[in-house]
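In case you want the letters, here they are:
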Amino acid sequence: MRRGLVILLWCGCLSSVVPSPKSRDEDAQLQAVLDSGSFRGDGFRKINRAPFVSTLHPEDSVDVYVSAAAAADYEWVEPDRDGPAPPIPVGTVIVREIVGQKLTAMEKRDPNAYPGGGDFLYAVTDLAGQPMAKADGTAEWGSLDECGSCHATRKESSWLFGVLPADR
Ligand code: HEC
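Cut-offs used in this document
Residues numbered from 1 in each chain as written. Predicted model: local features only at pLDDT ≥ 70, side-chain atom pairs only at ≥ 80, totals over all residues. Helix = DSSP H or I, 4+ residues; strand = E, 2+ residues; numbered from the N terminus. Buried ≥ 20, exposed ≤ 12 C-beta atoms within 10 Å, placed from the backbone. Contact = placed C-beta atoms within 7 Å. pLDDT = per-residue confidence, 0-100. Near = placed C-beta within 6 Å. Pairing = 2+ DSSP bridges. Core = buried A, V, L, I, M, F, W, Y, C linked by C-beta atoms within 7 Å.

Caption draft 1: How the structure looks around the overall build of the protein. The number of helices and strands found in the protein is five helices and seven strands. Traced from its N-terminal end to its C-terminal end, the protein shows the element sequence α-α-α-β-β-β-α-β-β-β-β-α. Counting the 168 residues in the protein, one finds 29% classified as buried. Considering only contacts within the protein whose residues lie at least 6 apart along the sequence, 51% involve residues at least 24 apart.

Caption draft 2: The arrangement of unusual backbone geometry in detail. Cis rather than trans, the peptide bond between Gly-83 and Pro-84 has omega equal to 5°. With respect to the helices, strands and loops of the structure, Pro-84 is situated in the loop between α4 (71-76) and β4 (93-98). Phi is positive for Asp-119, which is not a glycine, with a value near 60°. Accessibility expressed as a C-beta count within 10 Å gives 19 for Asp-119, which makes it partly exposed.

Caption draft 3: Layout of the confidence of the model for the protein. Within the protein, residue pLDDT values average 90, and 86% of them lie at 70 or more. Every residue in residues 5-17 scores below 50 in pLDDT, and together they form three contacts with partners more than four places removed in sequence or on other chains.

Caption draft 4: Fine view of the site of the ligand. Looking at the ligand, there are 22 residues lining it, with Ser-54, Thr-55, Cys-147, Cys-150 and Phe-161 nearest. The set of elements that each furnish at least two residues to the shell around the ligand consists of β3 (61-67), β4, β5 (102-108), β6 (120-125) and α5 (145-151). Counting residues per element, the shell around the ligand draws most heavily on α5, at four residues.

Caption draft 5: Spatial organisation of the pairing of β6. The element β6 is largely enclosed, with a buried count of six among its six residues. What you see with β6 is no split at all: Phe-120, Tyr-122 and Val-124 on one side and Leu-121, Ala-123 and Thr-125 on the other are buried throughout. In this sheet, β6 lies alongside β5 in antiparallel orientation, the contact comprising six bridges. By the bridge assignment for β6, Met-106 is matched with Tyr-122. In this structure, β6 lies alongside strand β7 (residues 141-142), joined through two bridges in antiparallel fashion.

Caption draft 6: Summary view of the nonpolar core. One finds Val-66, Ile-94 and Ala-105 to be the most contacted residues of the largest nonpolar core, which totals 31 residues. Put simply, the parts of the chain that give this core at least two residues each are α3 (21-36), β3, β4, β5 and β6. Sorting elements by how many residues they give to this core places β6 first, with five residues. Ignoring any residue separated from it by four or fewer positions in sequence, one finds Ala-105 in contact with Leu-30, Leu-34, Val-93, Ile-94, Val-95 and Ala-123.

Okay, structure coming up:
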């Protein structure tokens, strides 16, 4: 019995059964930031001066907040400039608030976590951080192709669009 357990641990079989704690942490970290609204405080930098008109949805205004440690890397990126941009550190959280409506967010994950989406976790929540539901009832959270496919057009710029210098 005991020897069986030792062999099981040694061959690493357990690690293939138990979900990696890393991926759970990523979800929990982003959820905590969005739930608590901590992206509005210390540890984050608001990139724009005043809400600016979204290129994606010109009827909306947006604010963008980025983990302070990655703010300089993010600020390298500009909508009208191509890369190569500096790499975004793993764990970086970027929140794009559509003023008065909802939050869209990205969190940089480990290499190869989601190659089709620049290894970002994508999320859409209400203003209190509660994930929104898609038409099929699943949460707008995770490796979302509907987000990654468009951000893929910005591969050279770390998969990001950035904020125009005039809006900063
Ligand atoms: C059709 C293209 C397109 C799709 C689809 C798209 N985005 Fe974006 N995204 C943009 C553009 C353009 C910006 C720049 C800000 C703006 O115009 O609102 C942006 C900015 C962002 C930002 C700020 C970081 C940056 O790139 O500068 C986040 C966070 C974000 N999007 C999350 C999402 C999420 C989550 C989804 C999926 C629900 C998504 N996006 C789908 C085009 C897209």
